[in-house]
Structures are given as C-alpha cells and as structure tokens.
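These are the residues of each chain, in order.
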There are 2 protein chains.
Amino acid sequence: MNEKDFAETFAAKLSDAVAQQQLDESVQQLQDLRPIDSADVLALMTPTLAWPLLQRLPNRATVFAYLAPDIQVAMAQVFPRASLAKIVGEMPADERTDLYKRLNQAQRDALLPALAQAEREDIRRLSAYEERTAGALMTSDYATLSAQMSVAEALAALRLEAPDAETIYHAYVIDAARKLLGVVSLRVLILASPEQRIADLMMSSVVSCNVHDDQEDVAKTIARYDLIALPITDDSGALVGIVTHDDAIDVVNDEATDDFHKSGGVSTMVGKLKDVSIRMLYRKRVFWLVFLVFGNLLSGLSIANFEEVIAANLVLVFFLPLLVDSGGNAGSQSATLMVRALATGEVVMRDWFSLLGREALVALMLGATMAVAISIIGYIRGDAVVSLVLALSMMSVVMIGCVIGMSLPFVLNKLGFDPAAASAPLITSVCDASGVLIYLFIASKFLAIG
Amino acid sequence: MNEKDFAETFAAKLSDAVAQQQLDESVQQLQDLRPIDSADVLALMTPTLAWPLLQRLPNRATVFAYLAPDIQVAMAQVFPRASLAKIVGEMPADERTDLYKRLNQAQRDALLPALAQAEREDIRRLSAYEERTAGALMTSDYATLSAQMSVAEALAALRLEAPDAETIYHAYVIDAARKLLGVVSLRVLILASPEQRIADLMMSSVVSCNVHDDQEDVAKTIARYDLIALPITDDSGALVGIVTHDDAIDVVNDEATDDFHKSGGVSTMVGKLKDVSIRMLYRKRVFWLVFLVFGNLLSGLSIANFEEVIAANLVLVFFLPLLVDSGGNAGSQSATLMVRALATGEVVMRDWFSLLGREALVALMLGATMAVAISIIGYIRGDAVVSLVLALSMMSVVMIGCVIGMSLPFVLNKLGFDPAAASAPLITSVCDASGVLIYLFIASKFLAIG
C-alpha cells in the first residue's frame, strides 16, 4: 500500500470514528504520525469531521500549518472563532502570516480581534512585505542573546525560548537597538565553559540578507554557506527575522518550477497543477500562443517573397519542416543551457562573449554532422544541387539557431526581463522565421525559377 | 566591487604576498573569510602559490573540500604526499570519498598508504556505492548514543564527538549491532533533566532512507520533513551514514538542472557549463539533433503525399510554419506542465485520465482562440475557404498537440524512461509531423487539386 492509499484508508477510518464520537483513540493514532503526515490525512476528511481531531492534537498548530492554503481557509470557516484564534496564535509566525494573507476581509475582521496584541502586531509587520522577498519568507520566532551574557546564562535563555523559537541551534547576538552584532551556535555553546562571555565566542561577521532581497537570493545564500538559518536585517542593520533551511529548499523547488514553466512558454502559475482552475490554465498559456501566431507570420512573409522558387521546386517544401525544426531544436538546446546557467549564477552577463566563441564552434560541429545527414536524404529525394542547397542551409540554420538560442537569454536579461522568458516556443519561432528566410534565400541562389 | 572582482583582486594580492614569503599575514586575512569564500580565492591562484596558504589554515580541510573537483586534483599533484594525506584525513568523510573517486590510479596508489586505517576503510566503503544514490551522498561522520545513557552522559558524549561529526544537533540511538533505534535532538537534550534516560526521550519512529535509494528521493524526504539530517540505513536496518540538509539543497539544484537540460533536448551533463569541453558539449547534443532530423522526415512524407494540393494552392505553404509551430508550442506548454508535476511528485501515473479531460477542455479554448486569430489572417491573405481550412486545422493541430504534449511524459514514464525526456525538441517534432498531416489532409478535403 503506497503513501496515498494509506492516507485515504486512514482518513476514511477516522471519519467513521469521529462520526461515532470515538475521538480519544483517533487522536492517539494521529499523534503517532509526523505533523505533515497528519495534515495529509486530515486534508482528506471533510472540515467538520477533521477539526474536532485537529483541535485535540498536542501539536495542532504545526499540523494546521502544513495543510494546503485552501484547506486551511476551509477549516477556518468551520472552526469556532475562539478555537481558531488559539490555534492561529500557536502557529509559527511565518505560517500564521501566510494564512492571514489568504483570508478575505470578513474572515480577517473576525479573526484579528481574537488574537493577542503581540500576534496582531506580528501579522501586521510581516504581511507588509512584498511577495517573494526575504520579508515575506521570514519568521520572527528566533532566539536572541546579549553579548554580555555568560554561556551559562545563554543556555538558560535558550531553554526558555526553545518552545517558541523556530530554531535554537543558532542564536543571534543583538544590542539594545536590535542591531545584529553576531551569531553563536548551540554547538559552540555546549563546548564552551559556563563562565565564558558570548562576546568572545560569537562570530561577528554574520552572513545575512536584507528584508527586501529576492527570495531566490536568500535561498542561494543559504545553499552557498550551508546554513541552518539565515538572519534577515532591515536597512538600519536591525535583526527582523530569520529564514530557515527548510524554507530555502522549498524556494529552490518553487523557483525551479517557475523557470521550468517559463521555458515551456507558460506564464508563472501559483498553486498545484491538479488544483488550478481551467480558466487559470487558459490565461497562463494563451498569451504566448497567440503572440507567436503573429510572430510566426514572419515565416509566411519569407515564403511569400520566394514563391516562385517554391513553385518551381516543390521538393523544397518536402524539406521545409525538417530544416527549420533542426534550427529550432539546436537553438532550444543552446537556450536551455544558457538559461539554466544564468539562473544558478554559474554564468554572468560578461561571460557572453567568451561563451559565444565556444558555442559557435560547437554549432559548427553539430551543423556539419546534420548537414551530412540531410544531404544524403537530399540526394536520394532530389539531386546533387538540392543536396548542396540542403547542406548549406542546414549548416547556416543550425549555426544561426545556436547563436540566437545562446544570445536571447542574455539580451532579455540586459533588457531587464527574466532570461527564462527565452522559452522553447519563442526560440523555435525566432529560429523558424530566420531558418525559412535563410533556406529559401540559399535555394533561390542555386535553383532555377519557373 | 562585486564578489567576483573582490576574489580576483584578493587572489592577486595574496599571490604577490606568497611570492615574497609574507605568509603569516596572508593566512590571517584568509582566515577571516568563510570557508567557501576562502576556497574561491585560492581557486584563482596557481596551485604552487595556493598550497602554502591552504596548508597553514586552521580550517584547511573544510576549505579544501569546497574547491571544485578539478582544482582539488590539481592541488593534490602539487602537495607533498604527507601534507596531502593529513588534509585528506581531516576532510569530511563524504567529501574525502568524492575526491578519492576523482583521482586516477597512480594518485590513489600514492595517497592511500599515507592515510590512517580507519580512513582507508571509510573510503573503501563509501566509494562502493553507485553514483546518485544515498550511499554516494552520505557521510559517515555522525553522532551516536546508546539508549541506556543518561542525558548528562549523552551531552558529554556529544561534546567529544562534536569536532568530527557533521552535525550533533541530531544524535542517533543505536544498539550493539548498529541497528537504528531512534533519534534525539540536541534541543530535547538541553531541555531535559540530566538524569533522564535517552530511551525515554528519543523518537523511535525515525524517518530514514535506504542506502540504495535514489538521491532525488533522499532530497524529497529531507524537504518534506524539514530535516536537518536524514539517517541512512542498509538492508538490515543498521545505520551507515547521514545526509544533511545542505547536501539535499544541492541535490535539488542538480536534479532541477538535469531536468531542465533534458527538456531542452540536452543529455545529462556533469560539471559547470563554463568548464565543460567542446567535445562533451557536442556529444551531449548531437544525438537528439540527428535523431530528430530523421524523425522530421515524417513531415516530409506527408508533404510528398499531398504534393498536388500544395502545387495548386501555394498559399498553403505560406501558413505551414505558422500552423505546425502553433501545435508544437501548445504541446510544449502541456508537456512542460506535466513533466514538472511528475518530477515533483505532485502528479502520479493514475492521475493521467482525469487530467486528460481537463487538458482537452483547455486545449479547446486555446485552439478556438488561435483559430479565430489565424482565420482573420487567412481571410486577408487568401479567401473564405482558406480561412475555414486554417481555422479547422488550427483547432485540430492545437488539440492534438496538447494531448500529445500531455501524454508523452506519461507514456515515457510507463515505458520506464524519464518523463523529462519528453523534451521540447521531441514534442515539437512529433507535433509538427502530426500537424503537417492534419493540415494537408483538411486542405485536400476543401481545396481543389490543380
């Protein structure tokens, strides 16, 4: 039985148990699971049956935080307001803010007054940050120490903060103005003598990010320095939150999904593929498709221009899709390599010129190989002249395709766009337009008209 | 001054200093940087100038581990054998094994005898695992405890293991046969009373992976459960290593890069784009391109079959690239969404049928939109009949394209291939071949021949 079957079976069993008021045993069974697994099971139950169980779980706020956004909102409508406020108050600060941002105005008005002042303030502060920035990602549940503390005092402070802090493995040393002075790990603390001063143990050159930094940069910093948590500071250098390693890995996955979709010609979508509405799927795809219909007209114009050559040598049409596709395929490969390298930071703008030289060489080799392949077919289907036209066209089309494919991400980046917008559909359309032009131009030089 | 400029300037300064034997001050400056930043600087120096500095760094093994593989090997050739053996001995077990696997036989024969017995054994064991599995990813530097220990004894044990263990924030409870019994976090330990037993504090249902599991599954497990470290067991349930969160985030990035490349028609490459040889770039790209040259012949065959219709209605050629491209673009979008959803585990094989229904509906809407667009152009360029042929063809081509694009990843998956092999070049070629056929077939039904 795989994970999904197990969750469904368990959820059905629990629904029956709740309907028959056998709550205690059900809660006991749920408790044995890890929070995310409990959340998966509860998500498969109707909200009215799920919430009595959720409410009784010792780690209920953690489990609630793992539910998908739409299910959180559905449950929030079923919960009595006082219970909901308690659970929301117990949630980690960043998850709580995410939930708040998804509620409509009526739900917010119902929820806010029931929360404690500190939590209301927290929500207000965190929800003010722009989406996909460090501020929107961070949590305000972190452990702080003062530089004058001894190790013994620090450990005592961490024991107190442990239940509420996202992590106590890294503690941040701040001054009275909350300015970030240094960081000290729990590992260092337990290896130190109780009377040592924090000021002498802390690392004062702290890797941190600004609250307005893009979430992608935050994730890259965490990945580069192998951090468990990354402190986030505001413009004055005051500590305002932390982003933990688990959030970073989620960001890496999300950003990869976005880039992947973009390169396939799909605009950025929010949410899971199975849950997204048909209307949203349509909206995220139609722009590119229609734009490229008109973009592809350029191919048509080239064809119109060389109409007589085509009319006199219909064999050219036989090879048309094959040739232009090859240019598009080669261009796609080049673009793919470049877009990914730019996204991971492996390659930067000023590498373009040197990479262009290498790409031209590879394109030459690829073009030559494919020219041999097509000239054989060309000789069989047509004659030696056709074969020559095809070989020359293939070489040109592949080389131009590679150069276009390699350069477009850089050009887009230079113009301030996301290089990933150099999608496969865009590249193939541009390469097709140029490929048709090159092919028919070469053909017109070698083949008779009429 | 950006990061790269800073590293280059600093490296140049250090090279001068070393040449003039001013080693101590240089080491001091280098020491202030984080290990990965020190490694970046040393990588820009020639190995003969870099190694005197590296050797004197207190965290030299950590810095060495951060160097790129080829630079590690280059330095290994410059180091005196005794110094190299010392550094390699100090390295984290997983990094040491990675280095060992990259050395040639002569270098291995020179290195191994100089290492301690325990390290030789460790290398032998870890390097036996297949690439891209948990075994190849894991380190053997982890902290273990016995269930009978008290908290005080456990903390003492962790203090001893701290310098060598990759992490002490999670400690693994094993029995005499090294069977994994449970896990306990440092957080729990410092919150507990000194006389409590580990057996009562540990979590006995441990999330773990098997040593032969794919690295992608390991990373997904770490991401799902927000783990700092994941224990790896062999088939008998004995603990053999751990994989930490930082390795997981690197795997997520690598796997995303692989999928990205595959979807662009590039076979899996190892290494950075800037360092890869031209020959390797050629080899990883030529297969698909040549394969698709022959694949695209199918388009040509369709054209050959309908030659008379084309000869009599050259306006069809005007629209040929536009139409078949649209099918390919729509198919690319569908494939992209599906491949990514399959890769992240969002969608599983049995979802195919229900997703197909939704996709058909979206395809209908998209096809209708694009049919309207093209029929306008068709009416301007041709006449009402041409307009009708184009509209019908566009609808069909887009719908078939979407179905192909959506289904191909599933079909490939079913046949045991990686769904990401449903690359943009493959999809566009398949959609082009079918698009040409559909288009010319419809045209032949409505337009006169000759």
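Each value, and the rule that gives it
Residues numbered from 1 in each chain as written. Chains lettered and ligands numbered in written order. Predicted model: local features only at pLDDT ≥ 70, side-chain atom pairs only at ≥ 80, totals over all residues. Heavy atoms only, no water. Helix = DSSP H or I, 4+ residues; strand = E, 2+ residues; numbered from the N terminus. Rg over C-alpha atoms; globule rule 2.2 N^0.38 Å. Contact = heavy atoms within 4.5 Å. Areas by Shrake-Rupley, 256 points an atom, 1.4 Å probe, with all protein chains shown as cover. Buried area = accessible area lost by both parts, 1.4 Å probe. Salt bridge = Lys/Arg side-chain N within 4 Å of Asp/Glu carboxyl O. Core = buried A, V, L, I, M, F, W, Y, C linked by side-chain atoms within 4.5 Å. Buried < 20%, exposed > 50% of the residue type's maximum accessible area, 1.4 Å probe, protein only. Least-squares fit on C-alpha atoms with pLDDT ≥ 70 in both. Lys, Arg positive; Asp, Glu negative; His and termini not counted. UniProt positions renumbered as here; feature names shortened; annotations may be inferred. Phe/Tyr/Trp six-rings, centres within 6.5 Å; stacked < 30°, edge-to-face > 60°. Lys NZ or Arg CZ within 6 Å of the ring centre and 35° of its normal. Polar contact = N/O pair within 3.5 Å; in protein donor to acceptor, adjacent residues only side chain to side chain. Disulfide = S-S within 2.5 Å. pLDDT = per-residue confidence, 0-100.

Draft legend 1. Quick peek at the overall build of chain A. Counting its regular elements, chain A contains 23 helices and six strands. Rg of the C-alpha trace for chain A: 30 Å, well past the compact-globule value of 22 Å for 450 residues, more than 25% over. By sequence separation, contacts in chain A at least 24 residues apart represent 67% of the contacts at least 6 residues apart. Counting only carbon and sulfur atoms, one obtains 58% of the accessible surface of chain A, whose full area is about 18,600 Å².

Draft legend 2. Just the interface of chain B and chain A, in detail. In this assembly, 115 residues from chain B lie in contact with 115 residues from chain A. Summing both partners gives a buried area of about 11,000 Å² for chain B against chain A, and 66% of it is carried by carbon and sulfur. It is R34(B), F260(B) and R285(B) in chain B that bury the most area against chain A; as a group they hold 7% of the surface buried on that side. Put simply, chain B and chain A have eight salt bridges between them. The shortest N-O distance in the salt bridge between R350(A) and D5(B) comes to 3.5 Å.

Draft legend 3. Representation of the nonpolar core in the model. Within the largest apolar cluster, 111 residues are counted, with the highest numbers of intra-cluster contacts made by F319(A), M394(A), Y439(A), F319(B), M394(B) and Y439(B). Non-local contacts of F319(A), meaning those with residues more than four positions away in its chain, are made with I374(A), I377(A), G378(A), R381(A), V386(A), L390(A) and Y439(A). In terms of nonpolar packing, the next biggest core, distinct from the first, is built from 46 residues, C209(A), A93(B), L137(B) and L230(B) among them.

Draft legend 4. Spotlight on the relation of the copies chain B and chain A. With an axial shift of 0.0 Å and an RMSD of 0.1 Å, the rotation relating chain B to chain A amounts to 180°. What the superposition gives is, in effect, a two-fold axis relating one chain to the other. No C-alpha of chain B lies nearer the rotation axis than that of I249(B), which sits 2.8 Å from it. Both copies share a contact surface, since 100% of the interface residues of chain B are interface residues in chain A too.

Draft legend 5. A look at the side chain of D259(A). Relative to the elements of secondary structure, D259(A) occurs in helix α16 (residues 245-263). For the buried D259(A), no salt bridge is present, and the opposite-charge side chain at shortest range is R340(A), 4.6 Å distant. Among all residues touching D259(A), those that are not within four sequence positions of it are A343(A), D418(A), A420(A) and F260(B).

Draft legend 6. Looking closely at the UniProt feature "transmembrane region" (unreviewed entry) in chain A. The sites that carry the UniProt feature "transmembrane region" (unreviewed entry) are, in the present numbering, residues 286-304, 310-330, 360-380, 386-412 and 424-442 of chain A. As a span, residues 424-442 of chain A carries 100% helix and 0% strand, and end to end its C-alpha atoms are 26 Å apart.

Draft legend 7. Geometry of the pattern of salt bridges. Throughout the structure, instances matching the rule amount to 24 salt bridges over all chains. The shortest N-O distance in the salt bridge between D122(A) and R125(A) comes to 3.0 Å. Residue D122(A) and its partner R125(A) are both found in helix α10 (residues 117-126); the two are separated by three residues, about one turn of the helix. You can call R125(A) partly exposed: its relative accessible area is 41%. A salt bridge links K262(B) to D418(B); the nearest nitrogen and oxygen atoms lie 2.4 Å apart. In this pair, K262(B) sits in helix α16 (residues 245-263) while D418(B) sits in the loop between α22 (384-414) and α23 (424-446), placing the two residues 156 residues apart along the sequence. Residues joined in a network through salt bridges with shared partners are D37(A), D40(A) and R224(B).

Draft legend 8. The arrangement of the packing of aromatic side chains in detail. This model, assessed by the stated rule, comprises 20 aromatic pairs over all chains. Between F287(B) and F291(B), the aromatic rings sit 5.7 Å apart at their centres with planes inclined by 20°, giving stacked as the arrangement. With a gap of four residues between them, F287(B) and F291(B) both fall in helix α17 (residues 278-295), about one helical turn apart. With relative accessibility at 43%, the residue F291(B) sits in the partly exposed group. Through a chain of ring-to-ring contacts, three or more aromatic side chains come together here, namely W51(A), F64(A) and F79(A). Cation over ring: R340(B) sits above F260(A), and NZ or CZ is 5.9 Å from the ring centre.

Draft legend 9. Broad picture of the environment of D258(A). All names here are of chain A. In this structure, D258 sits in helix α16. The class for D258 is buried, based on a relative accessible area of 8%. Note: C-alpha distance between D258 and M269 (eleven residues apart in sequence) is 7.4 Å. Ignoring anything within four residues of it in the chain, the contact list for D258 reads R132, T268 and M269. A polar contact of 2.5 Å, which involves the side chain of D258, links it to the side chain of R132.

Draft legend 10. Here's a closer look at the state of the cysteines. Summed over all chains, the structure comprises zero disulfides over all chains. Free cysteine C431(A): the closest other cysteine sulfur is in C402(A), separated by 8.2 Å.

Draft legend 11. Layout of the UniProt feature "domain: CBS" (unreviewed entry) in chain A. Mapped onto this structure's residue numbering, the UniProt feature "domain: CBS" (unreviewed entry) falls at residues 138-201 and 202-260 of chain A. The distance separating the terminal C-alpha atoms of residues 202-260 of chain A is 41 Å; by composition the span is 44% helix and 22% strand.

Draft legend 12. Seen up close, the confidence of the model for chain A. When the pLDDT values of chain A are averaged, the result is 88; 99% of them are 70 or greater. Reported confidence for the predicted complex is 0.85 by ipTM and 0.86 by pTM.

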